[in-house]
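Summary of structural features
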Amino acid sequence: QWSEWPRLHIAWRPPLPASLLLAHIPPAYRDGASLYNTWLHVAPDPDQALELWQQMKQIAGEVIMQHGATISHHHAVGSDHKPWMMQERGAGQVQMLQAAKQIFDPHGIMNPGKLIPDS
């Protein structure tokens, strides 16, 4: 919701020194908007870059959930957002997805463990 946007934007502030946060709002709607953020941080090696990305992803997910925002918007959830799937969608929707997966993929061979939390 638009009323949460200023608090959400402030909560996004990068927790790491020498980080830069860029933000823009591409799709805006009557009841709210998508806030797209890009964190920039120079890491000396690929392993450190991945570790920093994982830290930022965790922080971003927590901030999104704390402010009642959606982690998925129109891009769906995907494996990067799986830790927040239950909180984002609720038990009923997750159970529905689990039931559909059981019907259409009873042997669990299509993207196992990618989206739906274990039952």
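Above this text you will find the structure in question.
An account of the accompanying structure is given in this report. (Residues numbered from 1 in each chain as written. Predicted model: local features only at pLDDT ≥ 70, side-chain atom pairs only at ≥ 80, totals over all residues. Heavy atoms only, no water.)

**Focus on the overall build of the protein chain**
Within the protein chain, the regular secondary structure consists of three helices and four strands. Going from the N terminus to the C terminus, the protein chain shows its helices and strands as α-β-β-β-β-α-α. Counting over 119 residues, the protein chain shows a buried share of 23%. Partitioning the intrachain contacts of the protein chain with sequence separation of at least 6 by distance along the chain shows that 43% fall at a separation of at least 24. Accessible surface, the protein chain as shown: approximately 8300 Å² in total, 58% of it carbon and sulfur. (Helix = DSSP H or I, 4+ residues; strand = E, 2+ residues; numbered from the N terminus. Buried < 20%, exposed > 50% of the residue type's maximum accessible area, 1.4 Å probe, protein only. Contact = heavy atoms within 4.5 Å. Areas by Shrake-Rupley, 256 points an atom, 1.4 Å probe, with all protein chains shown as cover.)

**Quick look at the environment of alanine 28**
Summarising the element assignment, alanine 28 is placed in strand β2 (residues 28-29). Taking the C-alpha atoms as reference points, alanine 28 and tryptophan 2, separated by 26 residues in sequence, lie 9.7 Å from one another. If we ignore the near neighbours within four places in the chain, the residues touching alanine 28 are Trp2 and Ala33.

**A closer look at the side chain of aspartate 105**
Mapped onto the elements of the fold, aspartate 105 is located in the segment after α3 (85-104). For aspartate 105, a relative accessible area of 5% puts it in the buried group. At a separation of 3.0 Å, a polar atom in the side chain of aspartate 105 contacts the main-chain amide nitrogen of isoleucine 109. When sequence neighbours within four positions are dropped, the list of residues in contact with aspartate 105 reads Ala100 and Met110. (Polar contact = N/O pair within 3.5 Å; in protein donor to acceptor, adjacent residues only side chain to side chain.)

**Overview of α3**
Between the first and last C-alpha of α3 there are merely 20 Å, a value that for 20 residues lags more than 12% behind the 28 Å anticipated at 1.5 Å per step. Along α3, the sharpest kink reaches roughly 85°, centred on alanine 91. Among the residues of α3, Met85, Glu88 and Val94 are the ones counted as buried. Contacts made by the buried residues of α3 are with α2 (46-66). (Expected span 1.5 Å × (residues − 1). Bend = angle between axes of the 7 residues up to and from the residue.)

**Digging into unusual backbone geometry**
If you check the backbone angles, asparagine 111 has positive phi at about 45° while not being a glycine. Here asparagine 111 lies in the segment after α3. When its relative accessible area of 57% is taken as the criterion, asparagine 111 is described as exposed.

**What to know about the pattern of salt bridges**
Pairing of side chains with opposite charge becomes possible as their charged atoms draw close. For the coordinates displayed, the defined rule picks out two salt bridges. As a salt-bridge pair, glutamate 88 and arginine 89 come within 3.4 Å of each other at their nearest N and O atoms. The exposure class of arginine 89 is partly exposed, given its relative accessible area of 31%. (Salt bridge = Lys/Arg side-chain N within 4 Å of Asp/Glu carboxyl O.)

**A short note on a nonpolar patch on the surface**
Nonpolar side chains collect at one region of the surface, where Ile103, Phe104, Ile109 and Met110 lie side by side and expose about 520 Å² of accessible area between them. By the secondary structure assignment, methionine 110 is in the segment after α3. (Patch = residues over 30% accessible without salt bridge, like charges linked within 9 Å, V, L, I, M, F, W, Y side chains within 5 Å.)

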